[in-house]
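Notes for the structure review
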Amino acid sequence: MGNTITEKILMAHANLKKIEPGQLINAKVDIALGNDVTAPIAISEFQKAGGKNVFDKDKVVLVLDHFTPNKDINSAEQCKLVRKFALEQQITHFYEGGNVGIEHALLPEAGISLPGDLIIGADSHTCTYGALGAFATGVGSTDLAAAMLTGELWFKVPQSMKFVISGSLQPWVSGKDLILYIIGRIGVDGALYKAMEFTGDTVDKLTMADRLSMANMAIEAGAKNGIFVPDAVTREYVEKKAKRKYTFYLSDTDAVYSDIMEIDAGKIEPQVAFPHLPSNSRNVSAAGNIKIDQSLIGSCTNGRIEDLRIAARILQNKKAAPWVRLIVVPATPAIYGQAMEEGLLKTFLDAGAVISPPSCGACLGGHMGILADGERAIATTNRNFVGRMGHPGSEVYLANPAVCAASAVLGRLAGPAELA
Amino acid sequence: MIFQGRVWKFGDNIDTDAIIPARYLTTSDPQQLALHCMEDADPRFVGKIKPGDIILGGENFGCGSSREHAPIAIKAAGLSCVIAKSFARIFYRNSFNMGLPIFESKELWPAVNDGEEITVDSTTGTIIVSGGRKSFRINSIPPFMEQLIAAGGLIKHIAKKYNG
């Protein structure tokens, strides 16, 4: 009986010859990630355990991206604590200030997360790196402390679900729409404790940016990880970025899946997930007349250069509606620079956008774009829970960058087809 | 262990933004976090609970972000444990790792009212309601998780290995 890619990566890192779902294993981690919200608790736990040195200064990654640029004195203190630790421990991959990018956009771009890796991060969207053919999963701060201390962590081997996606995508449909559609079908706990493996001829043609958006939101279906079997697209993406060896693991043809779901991608329209769950997705054409106050284009889900190019195509020679605050957040300094070179930032400014430095702030209702009571935002982000972007009486609608750009122009939920 | 207290019921998919909104994550001080426990699910929650009270969630309790601030806020607010029909996986892991007792039961939710007193006996795996007139089984805890609880959490469990 064969194994899935998820099982093979776990097996290799646990140094086992056989593995099966449900089994508890201890496995070596290649990357352990923390940010300014989760690392302070991890550092405190690390010190309580008598920790002196992290297991490997090249494998612990600390990114100050959530409440930065520092929102207030408390957040400045949290960053100060992490900075002190990073300097004392001589952490190779420590990012802040002008180097910082939104962690899940930054790590793949910098070649820190690679195919075949086992990656844990004290941030639920760590599952993003599954797009590269890595096993990547979100954990809490105590888990991060344990991994920083020992270089290992316990895992329960998940069952795998296979999503076979086939057919050609309609105009303006992206990876974001595929994942919103899938979460809409299976629910926010539809993949609870499981691995979501995405495959099929549609997936073969998806860009890495689209794959990263999809793997990013596996957690919104409750999954332990989302994963793509690496291929030529993966190789092209990683070969110039990687500074160490990486491994392509493939799922065996006789691997066992708990569920197999076939999806006809050709029938999927651009999606919008209504408040207050990512699973409340429906076709944007059926959204009705819903006025918006804010449109946010950015985040670890959709703040990549490909996303900004799509938004700029729609916003070219257009303006956001006078009552809409349009916020664009390039996810990393490299993306910011590239967007500047390509003239995208000029397009955004001319459209009336505020351009934010790379930060998670607005997405999680931290700072840089908070909603008041009764306000509505459409966002390319990943969560629309109650109070996610501000006041508990505000609302968040999730969509792809094209829909968020078109909605900004029309001042209500709208697909790009309405602007044509 | 015995946990005794009034239950406070919540629905399905209570996410970590509801348990402790991100706007309060500029600190990891347990007492500060406790002041806002469950705020976006029930703004009056902190004012009505007494030490030892119990949260009773529906399916997928603790979904969303990985913030360990969620179980920290619950524990520091004085709640003794959380029972739910099911838990989201990172919340489940975090609770065992940091020492918040959590139990799974699908049957309890429809059988009790808000504010009703219950007793949970984790040794025998039972929940007693209405002074013993009704009782329910807790889903059993995997042996490894029992080891974590016995050690006092993940850090104490691995510290022995690390320092040994």
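Remember, it's a predicted structure, so these values are computed and weren't measured experimentally.

1. Some points on helix H2 (residues 39–48) of chain A
Residue and element names in this part refer to chain A. Of all ten residues in H2, seven are buried; the element is thus mostly enclosed. Considered for burial, the residues of H2 that qualify are Ala 39, Pro 40, Ile 41, Ala 42, Ile 43, Glu 45 and Phe 46. Looking at the residues trailing H2, positive phi occurs at Gly 50, about 85°.

2. A closer look at the nonpolar core
Ranked by internal contacts, the top residues of the largest apolar core, which has 183 residues, are Ile120(A), Ile165(A), Met196(A), Phe198(A), Phe348(A), Phe61(B) and Ile74(B). Here the element with the most residues in this core is helix H14 (residues 401–410) of chain A; it accounts for seven residues. Here this core spans two domains, and each of domain 1 (5–246) and domain 2 (276–419) of chain A adds at least three residues to it. Those residues in contact with Phe348(A) that lie beyond four places of it in its chain are Leu308(A), Ala311(A), Ala312(A), Leu315(A), Val328(A), Ala353(A) and Ile355(A). Grouped together as the second largest cluster of nonpolar side chains are 16 residues, Phe3(B), Leu56(B), Ala111(B) and Ile118(B) included.

3. Section: the interface of chain B and chain A
The interface is formed by 40 residues belonging to chain B together with 54 residues belonging to chain A. Here chain B packs against chain A, burying approximately 3,700 Å² in sum over the two surfaces, 59% of which is carbon and sulfur. In this structure, the connection of chain B to chain A is made through two salt bridges. Looking at the side of chain B that touches chain A, the elements that each hand over two or more residues are helix H4 (69–76), helix H5 (89–98), helix H7 (143–151) and helix H8 (154–163) of chain B. Considered class by class, the residues forming the side of chain B that touches chain A number 17 nonpolar, 13 polar and ten charged.

4. Focus: the packing of aromatic side chains
All names here are of chain A. Enumeration according to the criterion identifies 15 aromatic pairs over all chains in this entry. Pairing Phe 198 with Phe 228 gives two aromatic rings, centres 5.1 Å apart and planes at 35°, and the pair type is tilted. Of this pair, Phe 198 sits in strand E9 (residues 195–199) while Phe 228 is found in strand E10 (residues 225–228), placing the two residues 30 residues apart along the sequence. Owing to a relative accessible area of 2%, Phe 198 belongs among the buried residues under this scheme. Above the ring of Tyr 237, the side-chain terminus of Lys 241 is found at 3.7 Å from the ring centroid.

5. Focus: the pairing of E9(A)
Residues and elements named next belong to chain A. Most of E9 sits out of view: four of its five residues are buried. For strand E8 (residues 160–166) and E9, the ladder comprises five bridges, and the chain directions are parallel. Note that in E9 the partner of Lys 162 across the bridge is Glu 197. Note that the unit made of E8, helix H6 (residues 175–186) and E9 has a crossover that is right-handed. As paired elements, E9 and E10 share four bridges and run parallel to each other. The residue bridging Ala 195 from the neighbouring strand is Asn 225, located in E10.

6. With respect to the pattern of salt bridges
Residue and element names in this part refer to chain A. Across all of its chains, the model carries 25 salt bridges over all chains by this definition. For Asp 58, the salt bridge identified is with Lys 57, shortest N-O distance 3.9 Å. Overall, Asp 58 belongs to the partly exposed group, its relative accessible area being 40%. Assessed through its relative accessible area of 39%, Lys 57 is described here as partly exposed.

7. A few points about the environment of Thr92(A)
Residues and elements named next belong to chain A. Take Thr 92: it is sitting in the loop between helix H3 (73–88) and strand E4 (93–95). In this structure the C-alpha to C-alpha distance between Thr 92 and Pro 322, which are 230 residues apart in sequence, comes to 45 Å. The residues touching Thr 92, leaving out its near neighbours within four places in the chain, are Lys 57 and Asp 58.

8. Some thoughts on the state of the cysteines
In the structure shown here, the tally under the stated rule is zero disulfides over all chains. The structure places no disulfide on Cys404(A), whose sulfur is separated from the nearest cysteine sulfur, that of Cys363(A), by 12 Å. This cysteine, Cys37(B), is not joined by any disulfide, and Cys81(B) carries the nearest cysteine sulfur, 13 Å off. Given a relative accessible area of 1%, Cys37(B) falls into the buried group.

9. Regarding the packing of H5(B) against H7(B)
All names here are of chain B. Running from N to C, H5 and H7 point in directions that differ by 40°, and their axes come no closer than 8 Å. One way to sum up the angle between H5 and H7 is to call them oblique. Here Tyr 92, Phe 96 and Asn 97 of H5 lie close against H7, whose contacting residues are Met 145, Leu 148 and Ile 149. Residues that form the contact of H5 with H7 fall into these classes: five nonpolar, one polar and no charged.

10. Structural notes on the side chain of Asp143(A)
Relative to the helices and strands, Asp143(A) is located in helix H5 (residues 141–150). Excluding residues that lie within four positions of it along the chain, Asp143(A) makes contacts with Ile120(A), Leu153(A), Trp154(A), Arg93(B), Asn94(B), Asn97(B) and Leu154(B).

11. Observations concerning the confidence of the model for chain B
Per-residue confidence for chain B gives a mean pLDDT of 94, with 98% of residues at or over 70. Scoring of the predicted complex yields 0.97 for pTM and 0.96 for ipTM.

12. A look at the domain arrangement of chain A
Residues and elements named next belong to chain A. The domains assigned to chain A are domain 1 (5–246) and domain 2 (276–419). Domain 1 and domain 2 are separated by 24 Å when their C-alpha centres are compared. Of the residues lining the interface, 35 residues belong to domain 1; the matching set on domain 2 comes to 39 residues. When the two sides are added together, the surface that domain 1 and domain 2 hide from each other amounts to roughly 2,900 Å², 64% of it contributed by carbon and sulfur. On the domain 1 side of the interface with domain 2, the three residues burying the most area are Ile 102, Trp 172 and Lys 176, jointly 25% of the side's total. Viewed at the interface, domain 2 and domain 1 are joined by one salt bridge. Across the pair Arg 383 and Glu 220 runs a salt bridge, and its minimum N-O distance is 3.0 Å. Those elements giving two or more residues to the side of domain 1 that touches domain 2 turn out to be helix H4 (103–109), H6 and helix H8 (208–216). Top element by residues in the side of domain 1 that touches domain 2 is H6. It accounts for six residues. Partitioned by chemical class, the residues of the side of domain 1 that touches domain 2 number 15 nonpolar, 14 polar and six charged.

Conventions used here
Residues numbered from 1 in each chain as written. Chains lettered and ligands numbered in written order. Predicted model: local features only at pLDDT ≥ 70, side-chain atom pairs only at ≥ 80, totals over all residues. Heavy atoms only, no water. Buried < 20%, exposed > 50% of the residue type's maximum accessible area, 1.4 Å probe, protein only. Helix = DSSP H or I, 4+ residues; strand = E, 2+ residues; numbered from the N terminus. Core = buried A, V, L, I, M, F, W, Y, C linked by side-chain atoms within 4.5 Å. Domains from an automatic or database assignment. Contact = heavy atoms within 4.5 Å. Buried area = accessible area lost by both parts, 1.4 Å probe. Salt bridge = Lys/Arg side-chain N within 4 Å of Asp/Glu carboxyl O. Nonpolar A, V, L, I, M, F, W, Y, C, P; charged D, E, K, R; others polar. Phe/Tyr/Trp six-rings, centres within 6.5 Å; stacked < 30°, edge-to-face > 60°. Lys NZ or Arg CZ within 6 Å of the ring centre and 35° of its normal. Pairing = 2+ DSSP bridges. Right-handed = clockwise from strand over helix to strand, strands pointing away. Disulfide = S-S within 2.5 Å. Axes fitted to C-alpha atoms, helices over the stretch in contact; angles between N-to-C directions. Parallel < 35°, antiparallel > 145°, perpendicular 65-115°, else oblique. pLDDT = per-residue confidence, 0-100.

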